[in-house]
Amino acid sequence: MGSLDNATQNGSALCTKNPLLDPEEFRRQGHIIVDFLGDYYRNVENYPVRSQVEPGYLKKRLPNSAPYYPEPIETILKDVQSHIVPGLTHWQSPNHFAYFPSSASIAGILGETLAAGFDVVGFNWAASPAATELEMIVMDWLAKALSLPKSFMFSGNGGGVLLGTTCEALLTTIVATRDRALSTRAAGSNSRFVVYGSDQTHCSFHKSAKIAGINPNNIRNINTKKSSNFGLRADLLRLAVKADVEAGLIPLFLCATVGTTSTTAVDPIGPLCDVAKEYGMWVHIDAAYVGNACICPEFRTFLDGVEGADSFSFNAHKWFFTTLDCCCLWVKDPKALVSALSTNPEYLRNKESDSNQVVDYKDWQIALSRRFRSLKLWLVLRSYGICNLRKFIRKHVDMAAYFEGLVDKDSERFEVVVPRLFATVCFRISPAAIIQHRLYNGWHDHEKKHALPDSNDHDDHNHILINDINQELLESINASGSLYMTHGFVDGMFLIRFSVGASLTEQRHIINAWKTVQEHAQKVLARRFSTNDRSTSETTTTMANFTLPHPNGITPICASINVRSDEDVVTNPNAGVEYRHN
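Predicted model, so just to flag it, every value in this text is computed and none were measured. (Residues numbered from 1 in each chain as written. Predicted model: local features only at pLDDT ≥ 70, side-chain atom pairs only at ≥ 80, totals over all residues. Heavy atoms only, no water.)

## As for the pairing of strand E6 (residues 311–315)
Then comes step 1: Most of E6 sits out of view: five of its five residues are buried.
Then comes step 2: As defined by bridge partners, strand E5 (residues 282–286) adjoins E6 across three bridges and the pair is classed as parallel. Bridge pairing in E6 places Asp286 opposite Ser313.
Then comes step 3: Taken together, the five bridges between E6 and strand E7 (residues 327–331) define a ladder with antiparallel strand orientation. Note that in E7 the partner of Phe314 across the bridge is Cys328. (Buried < 20%, exposed > 50% of the residue type's maximum accessible area, 1.4 Å probe, protein only. Helix = DSSP H or I, 4+ residues; strand = E, 2+ residues; numbered from the N terminus. Pairing = 2+ DSSP bridges.)

Below is the structure:
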């Protein structure tokens, strides 16, 4: 931070001459910050994607107390570059493939800047009519782009609201259906309410249910399996609901997911809504990630059956090039929200609200105050248009498909764990590759000596080993800083998630990412299964014979493995390991 001497010397003038919103000073500092961010985006791919700092690093760099005198923006930005940037995980890096994307854009960033500049607090219509009415218009625009039923639009007695996150969307809808159910039941019924999701439903569902007062023992996580691509089966939901009804409990709420976090699995909306309707449950569709892609006709089919739901949400800050935070929630019955969440103190009363002719968004959300989120979404929609937004999303899907193809080409070492539906690829080093490396390096006899007598125990040991190696691979890659991925854990499998969606990502980043995966896999396997009399060099070629599984997984074949040099890998990112039939 700036020196105390400089601050003391300049502090008096700054305190007396600089008003808080002087237009010319705002213009000057604004240009400096925009230039700073422009340089950041130009160089962002040169930073380690995941921050390399240790916990507590910043406390060691900054003073123990706030400065008494003001400091110039130039000095502050130097400290941002020196102290803050090293502690950032760079979500806008073209090499960020972790979690789901947080895709920014010029329109999104400048829309956020406009909203911050106006700094309105639009809790009701009178507080800023434009903020309320623009939000209503934008939400109907989006509903039409998604081909949502008219019942979700203001023109069809439904409507949409912009919230912060999916957790808020879930909490508001659970509270709305809870209060609606309580209005027709005896006191104390709340303890018997049950809410349903799958073991792949996002954790925000569980958090929201607990905040809403649902007994944690009444939150159902119905198991999913790979055979159904980890989607929630309607028949299993029916069995769970029936058992709860027979036990005297009250089915209240179902959260169906279109695009789960671990594998982007899609729950079958139509059949699930049919079950929920039989028992009078509120159905919410959480499409936080995939909902963005559903503006493309080829992905809209994943929302088939949405007409049977009561509410629907997606996060525009994930893959709609709109900065955080921006969760879009639509409901068929806004009165349910208003009834549960409205507040009408005297100091907020006004003739427009009393006339019931306007929307007061404070009654559609948990908080009272709210941001002008619709402005940035409006800029994104107008600056790019639906046509280009579809192109951006399709480009990411195509790049993910290309990465999936690279994984498939190296099928002797890697496997795609679940079918790719969108722009996220779930893969791992295959069990066959790990077992073959273990056999080749003389681990077979060693493992036999230490294996438990029960063959199932030995299988469990292999399973743990496979997961451990893939976890080691992921950490090795992330620690390098060259790219960043995260993991999922489904049906006992540790898998690596490669999610394409950063606005700056191009094909070359996909190619380099795969090269990095191959290089680290080679090192991890060599490190795990090296023997005392054999050393592995990254720049030498070694040969070995061992049995590899046939591509169809049935007939073993004899093959040779040629671990190539780094130069070969650089010139051909698919080189890594070459398999040749004897």
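Still to come is the rest of the account.
## Focus: the sheet that holds strand E10 (residues 486–490)
Whether parallel or antiparallel, the strands of a sheet pair through hydrogen bonds between backbone atoms.
Then comes step 1: Taken together, the four strands give an open sheet; going across it, the order is E8-E9-E11-E10, and neighbouring strands pair in antiparallel fashion. In the strand order of this sheet, the two ends are held by strand E8 (414–416) and E10, each with one partner. When strand polarity is set aside, the average angle formed by the axes of neighbouring strands in this sheet is 40 degrees.
Then comes step 2: Of the pairings in the sheet, the one linking E10 to strand E11 (residues 493–499) comprises five bridges and is antiparallel in character. The residue of E11 that forms the bridge with Thr486 is Arg497.
Then comes step 3: Against the sheet, helix H16 (residues 374–409) engages E8, strand E9 (424–429) and E11, with an angle of about 15 degrees to E9.
Then comes step 4: Against the sheet, helix H20 (residues 507–529) contacts E8, E9 and E11, and its axis sits at roughly 20 degrees relative to E9. (Axes fitted to C-alpha atoms, helices over the stretch in contact; angles between N-to-C directions. Contact = heavy atoms within 4.5 Å.)

## Remarks on the nonpolar core
Soluble, globular proteins show a tendency: their nonpolar side chains are buried together.
Then comes step 1: Counting 97 residues, the largest nonpolar core has Trp330 and Phe498 as the members making the most contacts within it.
Then comes step 2: Counting residues per element, this core draws most heavily on H16, which supplies 13 residues.
Then comes step 3: Beyond its immediate sequence surroundings of up to four residues, Trp330 is in contact with Met139, Leu142, Ala143, Leu146, Leu148, Phe152, Gly159, Gly160, Asp310, Ser311, Phe312 and Phe314.
Then comes step 4: Ranked by size, the runner-up nonpolar core spans 32 residues in total, among them Val175, Phe193, Cys327 and Ala340. (Core = buried A, V, L, I, M, F, W, Y, C linked by side-chain atoms within 4.5 Å.)

## What about the sheet that holds E5?
Then comes step 1: Sheet architecture is open: seven strands sit in the order E1-E7-E6-E5-E4-E2-E3, paired in mixed fashion. Edge positions in the sheet fall to strand E1 (159–163) and strand E3 (219–222), since each has one partner strand and no second. Neighbour-to-neighbour, the strand axes of the sheet open up by a mean angle of 20 degrees, direction not taken into account.
Then comes step 2: As paired strands, E1 and E7 are joined by five bridges and run antiparallel to one another. Pairing of Gly159 across the sheet is with Val331, part of E7.
Then comes step 3: Packed on one face of the sheet, helix H7 (residues 166–182) meets E1, strand E2 (193–198), strand E4 (250–257), E5, E6 and E7 and runs near 155 degrees to E4.
Then comes step 4: Lying on the sheet, helix H9 (residues 234–246) is in contact with E2, E3 and E4; it crosses E2 at an angle near 160 degrees.

## A few points about unusual backbone geometry
Backbone phi values are negative for most residues with the exception of glycine, while trans is the configuration of most peptide bonds.
Then comes step 1: Cis geometry is found at the peptide bond from Leu324 to Asp325, where omega equals 5 degrees.
Then comes step 2: Among the structural elements, Asp325 can be located in the loop between helix H13 (316–319) and E7.
Then comes step 3: Unusually for a residue other than glycine, Asn229 sits at a positive phi of about 55 degrees.
Then comes step 4: Position of Asn229 relative to the elements: it lies in the loop between E3 and H9.
Then comes step 5: The exposure class assigned to Asn229 is partly exposed, which follows from its relative accessible area of 42%.
Then comes step 6: For Phe230, which is not a glycine, the phi torsion comes out positive at approximately 65 degrees.
Then comes step 7: Examined against the element boundaries, Phe230 turns out to sit in the loop between E3 and H9.

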